[in-house]
Amino acid sequence: MNPVLGSPLPTSIVVVPRAVATRVVGSTVVLSTKAPAESTVHVYRDGVLVRSVPAAAAASIKVDGSSEGARSFQIVVVDKTGTATVTSKKTVTVKKLKKASTSGK
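Residues numbered from 1 in each chain as written. Predicted model: local features only at pLDDT ≥ 70, side-chain atom pairs only at ≥ 80, totals over all residues. Heavy atoms only, no water.

A. Quick peek at the pairing of strand β3 (residues 28–32). Burial analysis of β3 places four of its five residues in the buried class, the great majority of the element. For strand β2 (residues 21–25) and β3, the ladder comprises five bridges, and the chain directions are antiparallel. In the sheet register, Thr 22 faces β3, and the bridge partner there is Leu 31. Of the strand pairs in this sheet, β3 and strand β6 (residues 61–63) are connected by three bridges, and their pairing is antiparallel. Looking at β6, one finds that Leu 31 is bridged to Ile 61. (Buried < 20%, exposed > 50% of the residue type's maximum accessible area, 1.4 Å probe, protein only. Helix = DSSP H or I, 4+ residues; strand = E, 2+ residues; numbered from the N terminus. Pairing = 2+ DSSP bridges.)

B. Fine view of the side chain of Ser 66. Mapped onto the elements of the fold, Ser 66 is located in the loop between β6 and β7 (69–78). In terms of polar contacts, Ser 66 uses its side chain to reach the side chain of Arg 45, at 3.0 Å. (Polar contact = N/O pair within 3.5 Å; in protein donor to acceptor, adjacent residues only side chain to side chain.)

C. Main features of the confidence of the model for the chain. On average, the chain scores 89 in pLDDT, and the residues at 70 or more come to 90%. In the model of the chain, strand β1 (residues 14–15) stands out as the element of lowest mean pLDDT, 84, in contrast to strand β5 (residues 48–54), which has the highest, 97. (pLDDT = per-residue confidence, 0-100.)

D. Quick peek at the pattern of salt bridges. Summed over all chains, the structure comprises one salt bridge. Asp 46 serves as the salt-bridge partner of Arg 71, at 3.7 Å between the closest nitrogen and oxygen. Placement of the pair is Arg 71 in strand β7 and Asp 46 in the loop between β4 (40–45) and β5, with a sequence separation of 25 residues. (Salt bridge = Lys/Arg side-chain N within 4 Å of Asp/Glu carboxyl O.)

E. Broad picture of unusual backbone geometry. Not every positive phi belongs to a glycine, and Glu 38 is a case in point at roughly 65°. With respect to the helices and strands, Glu 38 occurs in the loop between β3 and β4. Despite not being glycine, Asp 46 shows a phi value in the positive range, around 55°. Note on Asp 46: relative accessible area 39%, which makes it partly exposed.

Dropping the structure here:
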């Protein structure tokens, strides 16, 4: 399974309980999960592929450019045998950072 960025989330994947931690910093969402060695981790935002990383990078996956509001994330892990599993949806709220005002005084 080698999806292309922007492709939709496949519908025929087994959903498995897998811990996914999230943190939001401005428009960047940082996801963290564990994946078996030699697997590939695909991140879907609102059902569209936005990032693919090797298992070694699964502990800190940064997804930049999330627009403001509620966004859902799912992670698909494809192990070395080609078996794919997907996490349940994880919803986060993205808020715009307020710009600090600078006064020349």
